[in-house]
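Here's the letter readout for the chains.
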Amino acid sequence: MKKKLCKYVFRGTTLGYAGNVNSQKMPVTCTSANPAKATLFALELSQRFTQPAVVYIAQTLKFEAIEVMPATERLAKPLSI
């Protein structure tokens, strides 16, 4: 059974960052259904790099044909703040 997508997905990063070499070679990008997680990730990156934090938002209606991949075990565990 195909998993239903949430209405929006969020990707936290820094302005202008194209991703590391491995991320650029993969046919996917990591996103979250939780805007707070994406925001915290972007803010953490902005502390390590000189670029400002950004959160990209995508409406999943345009991606209905895309297969949803399960989260990795690392991401499936609760986050501690």
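The structure this text deals with has already been given above.
Being a predicted model, the structure only gives us computed values, none of them experimental. (Residues numbered from 1 in each chain as written. Predicted model: local features only at pLDDT ≥ 70, side-chain atom pairs only at ≥ 80, totals over all residues. Heavy atoms only, no water.)

Draft legend 1. Region of the structure containing the overall build of the chain. Across its full length, the chain holds three helices and two strands. Ordered by position from the N terminus, the helices and strands of the chain form the series β-α-α-β-α. Put simply, the chain has 81 residues, and 16% of those count as buried. Restricting to contacts in the chain with at least 6 residues of sequence separation, those with at least 24 account for 78%. When the accessible surface of the chain is totalled, it reaches about 7100 Å², and 61% of it is carbon and sulfur. (Helix = DSSP H or I, 4+ residues; strand = E, 2+ residues; numbered from the N terminus. Buried < 20%, exposed > 50% of the residue type's maximum accessible area, 1.4 Å probe, protein only. Contact = heavy atoms within 4.5 Å. Areas by Shrake-Rupley, 256 points an atom, 1.4 Å probe, with all protein chains shown as cover.)

Draft legend 2. Layout of helix α2 (residues 35-48). Spanning 14 residues, α2 covers 20 Å between terminal C-alpha atoms, matching the ideal 20 Å at 1.5 Å per step. On its buried side, α2 packs onto β1 (8-14) and β2 (53-59). (Expected span 1.5 Å × (residues − 1).)

Draft legend 3. Region of the structure containing the environment of K7. Within the fold, K7 resides in the segment before β1. Here the alpha-carbon distance between K7 and A58, two residues 51 residues apart in the chain, equals 8.6 Å. Other than its neighbours up to four places away in sequence, K7 contacts A58, Q59 and T60.

Draft legend 4. Up close: the pattern of salt bridges. Scanning the model with the defined rule gives one salt bridge in all. Here R48 ties to E44 by a salt bridge, and the two come within 3.5 Å at their closest N and O atoms. With R48 and E44 both in helix α2 and four residues apart, this pair spans about one turn of that helix. Of the residues examined, R48 reaches a relative accessible area of 54% and is grouped as exposed. What makes E44 partly exposed here is its relative accessible area of 44%. (Salt bridge = Lys/Arg side-chain N within 4 Å of Asp/Glu carboxyl O.)

Note that all results are geometric; they support no functional claim without further evidence.
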